[in-house]
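Chain residues, written in single-letter form:
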Amino acid sequence: MQNVTQQTHNTSPHDTLLTKSLSAADYVSTHDAMLARTLERIALKKEQGLRTPDELWIVDHNDVYTLGQAGKEEHILQRTDTPIIKTDRGGQVTWHGHGQLVVYWLFDLDSIGWSVRNLVSHAEQAIEDVVNDCLQNSSSSISDNISAHARRDAPGVYLYADTDTDTDNDAQVQNTSLDDKIMLGKIASLGFKIKHGFSYHGIALNINCDLSAFNAINPCGYAGMQMLRLADFLTIQKEPEAQTAQHIHNSLSYEQVTQKLIDNIAKRHAGLIELRAIAPK
């Protein structure tokens, strides 16, 4: 059964960002509700001149493969029991399911002064910020010299290993050149739809999901793309009854990662975090 909770974030004196959380959410009903809300907001603005609060939908989806508007079925390598849904976002085929953090951005881009390129860059940089913060503050040696970066040639966020093991980690994250790094794989995907200046759909960050679901597809249309999850580089808390005090001290929970991402996006929405320069190809 789908559970829904909602919060309000006052991101500035003039802007409000609503946050809605949905667990065990079926894709079709969630998409239909998201589209209906977007169309309602468009109508209110056009017909009554009303600016409605932007929204973040934090979604834990039941297992599903989604194929983007221009998606090619050839990227589905194997048919399984998991449903395949054609949808209206950009991009190719991907998987959503439990342990993956999905965030839908229902933003009025014109009202906040963002272009579509701004939206994509803010999404990628928010993920970079949060993943790098988690990696830098992890007690696990596995995360040493690992950093998250977007790429100019392929939307999403990827993990890279630094070939210079003596490099300071903070300096490593700020270094936008990927020439001296080895790409390990992709940890987050994104795909948006823009309708009359309003965005919907969003981003998907792999936290502690079962990555085997990606074996049946070419993720985002890239054959052989290695998909990664945060839990392979730092400790993600298990269920409360399985925790110890030491385990909790040295780990993060799914909920803590979620809150870090919400906070970062809210600050960007309020203009408190500016875009970094995009690295050349």
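Shown above is the structure to which this text applies.
Residues numbered from 1 in each chain as written. Predicted model: local features only at pLDDT ≥ 70, side-chain atom pairs only at ≥ 80, totals over all residues. Heavy atoms only, no water.

Now for the pattern of salt bridges. One pass over the structure, following the stated rule, counts 14 salt bridges. One salt bridge connects lysine 45 with aspartate 108, and the closest N-O pair in it is separated by 3.0 Å. Here lysine 45 is found in helix H1 (residues 27–48), whereas its partner aspartate 108 is found in the loop between strand S7 (100–106) and helix H2 (109–112), with 63 residues between them in sequence. Looking at lysine 45, the relative accessible area reads 28%, which means it is partly exposed. Using a relative accessible area of 1% as the deciding quantity, one classes aspartate 108 as buried. Its salt-bridge partner being lysine 181, residue aspartate 162 comes within 4.0 Å of it at the nearest N-O pair. Note that aspartate 162 is positioned in strand S9 (residues 157–162) and lysine 181 in strand S10 (residues 181–195), a separation of 19 residues in sequence. Neither residue differs from the other here; aspartate 162 and lysine 181 are each classed as buried. Here the salt bridges share partners, and the residues they tie into one network are Glu128, Asp129, Arg268 and Arg276. (Salt bridge = Lys/Arg side-chain N within 4 Å of Asp/Glu carboxyl O. Helix = DSSP H or I, 4+ residues; strand = E, 2+ residues; numbered from the N terminus. Buried < 20%, exposed > 50% of the residue type's maximum accessible area, 1.4 Å probe, protein only.)

What follows deals with the environment of glycine 191. Mapped onto the elements, glycine 191 comes out in strand S10. With a relative accessible area of 8%, glycine 191 lands in the buried category. Sequence separation of glycine 191 and tyrosine 104 is 87 residues, and the distance between their C-alpha atoms is 9.5 Å.

Okay, helix H6 (residues 254–269) next. Look at H6: 23 Å from first C-alpha to last across 16 residues, which is about the 22 Å you get at 1.5 Å a residue. Buried within H6 we find Tyr254, Val257, Thr258, Leu261, Ile262, Asn264, Ile265, Ala266, Arg268 and His269. (Expected span 1.5 Å × (residues − 1).)

For an α-helix, 3.6 residues make a turn, and residues three or four places apart therefore share a direction. Across its 21 residues, helix H3 (residues 116–136) extends 30 Å between first and last C-alpha, which sits within 8% of the 30 Å expected from 1.5 Å per residue. Of all 21 residues that make up H3, 15 are buried, and the element is covered over most of its length.

A few words now on the packing of aromatic side chains. Considering all chains together, one arrives at four aromatic pairs under this definition. For the pair tryptophan 105 and phenylalanine 192, a centre-to-centre distance of 6.1 Å together with 90° between the ring planes defines the contact as edge-to-face. With a gap of 87 residues between them, tryptophan 105 in strand S7 and phenylalanine 192 in strand S10 connect regions that are remote in the sequence. Here the two residues tryptophan 105 and phenylalanine 192 agree in accessibility, since each one is buried. Here a set of aromatic residues connected by ring pairs shows up, and it is made of Trp105, Phe107, Trp114 and Phe192. (Phe/Tyr/Trp six-rings, centres within 6.5 Å; stacked < 30°, edge-to-face > 60°.)

We now examine the side chain of histidine 122. Note on placement: histidine 122 falls in helix H3. Assessed through its relative accessible area of 5%, histidine 122 is described here as buried. What histidine 122 contacts, discounting residues up to four positions off in sequence, is Trp105, Trp114, Arg268, Ile273 and Leu275. (Contact = heavy atoms within 4.5 Å.)

Our focus in this paragraph is the nonpolar core. With 43 residues, the main nonpolar core has Leu56, Val103, Trp105, Phe107, Leu159, Ile203 and Leu205 as its most contacted residues. The greatest single-element share of this core, amounting to nine residues, is contributed by H3. Look past the residues within four positions of leucine 56 in its chain and what remains in contact with it is Leu17, Leu18, Thr19, Lys20, Val103, Tyr104, Trp105, Phe107, Ile262 and Ile265. If you look at the next biggest cluster of nonpolar residues, it comprises 16 residues, including Ile76, Trp95, Ala154 and Tyr158. (Core = buried A, V, L, I, M, F, W, Y, C linked by side-chain atoms within 4.5 Å.)

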